[in-house]
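So the chains spell out like this:
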Amino acid sequence: MLILGIETSCDETAAAVVEEGLRVRSNIVSSQLELHSPYGGVVPELACRMHVENILPVISEALSEGGVSLEEIDLIAVTRGPGLIGALLVGLSTAKGLAYAQRKPLVGVNHLVGHIYAAFLEQPSVPFPFLALVVSGGHTELYRVKEHARYTLLGSTRDDAAGEAFDKVAKMLDLGYPGGPIIDRSARQGDPQAIDFPRAYLGKDSLDFSFSGLKTAVQIYLKRHPQLLAQEAEERSAWVCNVAASFQQAVVEVLVAKTIQAAQREKVASILLVGGVACNTLLRRELRARGEEIGLPVFYPSPVLCTDNAAMIACAAYFHGLKEGFPPAWPPHYLEMDAVAALQVPEG
Ligand code: KG4
Ligand code: ZN
């Protein structure tokens, strides 16, 4: 079965062709990084306009690199949410148009479910039940996944997502956008013990997260030490690396502690670390080390599959289809399908 995946939930226009759910024939991602970086964050209106310009060329490239024509595609899978509503609509409308014109079945995919399935593309035999820590620019969530397509939400962020905190702290430090990768790199030169930023555990048994207090703590620290920002380049940079390392240490400690606590409580067989923040070097290292200590394998995708892409959307559609059935191509059952900005992962 050949699936064409389409993803436009945020600032990447992406399309991919995936065979039998796992064999990635092409995975094209057109990033809008340069467009948004002068603003220090994604500007939704600009993102939508760019998706409109890019979507058809990106789909054509995915088809030609995948060595298939649109006629040969068996199913179209598109991200329905969560994400920026205008951005989602570009992908969804395009997918509907293609499906209708070509009489292909179309399925809507939850973006977070897509992130979870990214891990399967490189590790098809992930042992169930597993715990999935989904950490991205918009989400920080812990799921127990009993079997394919069966999720239970165990905890989520009460305020900022982990990626959002990385991006905002990078902005405070004038490091550029997106902040996650830059903080990751700067932190390697810094001392993670230099500043004792707060860790929010929210009670002994809570699996929820909160990062806004930490973000504010960094802001207060910077305000209280204006002389540090005014230093000569070399000293300033060493100090910025210390702030980055101490902040990253605080985020990673909480993410790892709660994930390990949940894994033990939920008696899972493995742990998945997915989403853009799963690229983080320290998080990957620490979670794997702590997983090993309790005898659990920890899987995380290669960085290109951690950040937004359409191969993960096609993969998720395949495994959900195997479980729940694939829709017929005709009559078009998807005409009423909406994009949903705050779409929840289906539980049960
Ligand atoms: O999953 P993703 O590509 O898009 C969303 O669904 O949000 O995640 C993007 C987020 C951004 O906040 C970015 O700063 C963060 O992932 N990120 C990282 C790293 N690479 C990307 N955060 C920490 N360390 C990294 N190496
Ligand atoms: Zn994402």
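Residues numbered from 1 in each chain as written. Chains lettered and ligands numbered in written order. Predicted model: local features only at pLDDT ≥ 70, side-chain atom pairs only at ≥ 80, totals over all residues. Heavy atoms only, no water.

## Section: the domain arrangement of the protein chain
Heads up, the condition is: Delimitation of the domains relies on an automatic or database domain assignment. Residues count as neighbours in contact if any of their non-hydrogen atoms are within 4.5 Å of one another. A quick way to say it: buried area is the sum, across both parts, of accessible area lost when two parts are put together, with a 1.4 Å probe. Salt bridges are defined by distance alone: a side-chain nitrogen of Lys or Arg within 4 Å of a carboxyl oxygen of Asp or Glu. Residues adjacent in sequence count toward polar contacts only when both atoms are side-chain atoms; beyond that, a polar contact is any pair of N or O atoms within 3.5 Å, and within protein one must be able to donate a hydrogen and the other to accept it. Only DSSP runs of H or I covering at least 4 residues are called helices, and only runs of E covering at least 2 are called strands; the numbering of each starts at the N terminus.
By domain assignment, the protein chain separates into domain 1 (2–117 + 306–324) and domain 2 (127–300). With centres defined by C-alpha atoms, the gap from domain 1 to domain 2 works out at 27 Å. Counting from both sides, the interface comprises 19 residues of domain 1 and, opposite them, 22 residues of domain 2. Summing both sides of the interface, domain 1 and domain 2 together bury roughly 1,700 Å²; the carbon and sulfur share of this comes to 69%. One can count 2 salt bridges joining domain 1 with domain 2. A salt bridge links Arg150 to Glu324, with the shortest nitrogen-to-oxygen separation between them at 3.7 Å. For the pair domain 1 and domain 2, the interface holds 5 residue pairs in polar contact (both at pLDDT 80 or more). Within the residue set of the side of domain 1 that touches domain 2, elements represented by two or more residues are helix H4 (111–122) and helix H12 (311–324).

## Notes on the coordination of the zinc ion (ligand 2)
Around a metal, the perfect tetrahedron of four donors has angles of 109.5 degrees, and the perfect octahedron of six donors has angles of 90 or 180 degrees. Quick note on the threshold: Metal donors: N, O and S atoms at distances within 2.8 Å, or within 3.2 Å for Na, K and Ca, with water omitted from the atom set so that some sites may seem incomplete.
Note on the zinc ion (ligand 2): its protein donors are His111 (NE2), His115 (NE2) and Asp308 (OD). The metal-donor distances range over 2.0 to 2.1 Å. In primary-sequence terms, the residues that donate to the zinc ion (ligand 2) follow H-x3-H-x192-D. A residue pair is termed a helical-turn pair when its members lie 3 or 4 positions apart in one helix, as His111 and His115 do in helix H4 at 4 residues.

## Observations concerning the packing of H4 against H12
Cut-off, in case you're wondering: In this analysis, axes come from line fits to C-alpha atoms, helices being fitted only over the stretch in contact, and the angle between any two N-to-C directions falls in the range 0 to 180 degrees. Any angle from 65 to 115 degrees is called roughly perpendicular, while one under 35 is roughly parallel, one over 145 is roughly antiparallel, and all others are oblique. Side-chain classes follow a simple rule in which Ala, Val, Leu, Ile, Met, Phe, Trp, Tyr, Cys and Pro form the nonpolar group, Asp, Glu, Lys and Arg form the charged group, and the remainder, Gly included, forms the polar group.
Axis separation between H4 and H12 bottoms out at 7 Å; the angle between their running directions is 90°. As far as their axial angle goes, H12 and H4 are roughly perpendicular. Every residue of H12 that contacts H4 at His111, Val113, Gly114, His115, Tyr117, Ala118, Phe120 and Leu121 is listed here: Ala311, Met312, Ile313, Cys315, Ala316, Phe319 and His320. Classifying every residue of the contact of H4 with H12 by side-chain character gives 11 nonpolar, 4 polar and no charged.

## A closer look at the pairing of strand E8 (residues 150–156)
To keep things clear, this is the line we draw: A pair of strands is considered paired only if DSSP assigns at least 2 bridges between the two.
Direction of pairing for strand E7 (residues 140–147) relative to E8: antiparallel, over a ladder of 6 bridges. The residue bridging Arg144 from the neighbouring strand is Thr152, located in E8. Here E7 folds back onto E8 in antiparallel fashion, the turn holding 2 residues, of which Ala149 has a positive phi close to 65°.

## Quick look at the environment of Leu84
Within the secondary structure layout, Leu84 lies in the loop between strand E4 (75–81) and helix H3 (85–102). Taking the C-alpha atoms as reference, Leu84 lies 25 Å from Phe319; in sequence the two are 235 residues apart.

## Some thoughts on the site of ligand 1
For clarity, the threshold we go by: Only a single heavy atom is needed: when it lies within 4 Å of a molecule or strand, its residue is near that molecule or strand. Only the protein chains shown count as cover for residues, with accessible areas throughout obtained via the Shrake-Rupley method and a probe of 1.4 Å.
Every one of the 18 residues lining ligand 1 counts as a neighbour, but Gly137, Asp167, Gly180, Asp184 and Gly276 are closest to it. Between ligand 1 and Gly138, the relevant distance is 3.5 Å, taken from an oxygen atom to a main-chain nitrogen or oxygen of the residue. Side-chain polar atom of Asp184 to a nitrogen atom of ligand 1: 2.9 Å apart, as the coordinates give it. Relative to its unbound accessible area of 560 Å², ligand 1 is 89% covered by the protein chains. Here the residues of the shell around ligand 1 sort into 5 nonpolar, 10 polar and 3 charged. Residue contributions to the shell around ligand 1 reach at least three from each of two domains, namely domain 1 (2–117 + 306–324) and domain 2 (127–300).

## What about the sheet that holds strand E3 (residues 23–31)?
Taken in spatial order, the 5 strands line up as E3-E2-E1-E4-E5 in an open sheet, and their pairing is mixed. Each edge of the open sheet is held by one strand with a lone partner, namely E3 and strand E5 (106–110). Across the sheet, the axes of successive neighbouring strands diverge by a mean angle of 20°, strand direction being ignored. Where strand E1 (residues 2–7) lies against E4, 4 bridges are found, and the strand directions are parallel. Following the sheet pairing, Ile3 is matched in E4 by Leu75. Along the sheet, H4 contacts E1, E3, E4 and E5; its crossing angle with E5, the most-contacted strand, is approximately 90°. Each of E1, strand E2 (12–19), E3, E4 and E5 touches H12; the most contacted strand, E4, lies at about 105° to it.

## So, H12
Operational definition: By definition here, a helix of n residues has an expected span of 1.5 Å times n minus one. Three exposure classes are used, based on accessible area relative to the maximum for each residue type with a 1.4 Å probe and protein chains only: buried under 20%, partly exposed in between, and exposed over 50%.
Helix length check: H12, at 14 residues, gives a terminal C-alpha distance of 20 Å against a target of 20 Å (1.5 Å per residue), a fit within 8%. Of all 14 residues making up H12, 11 are buried, and the element is well covered by its neighbours. Turning to H12, its buried residues number three or more, namely Ala311, Met312, Ile313, Ala314, Cys315, Ala316, Ala317, Tyr318, Phe319, His320 and Gly321. Downstream of H12 by one or two residues, Gly325 has phi in the positive range, about 95°.

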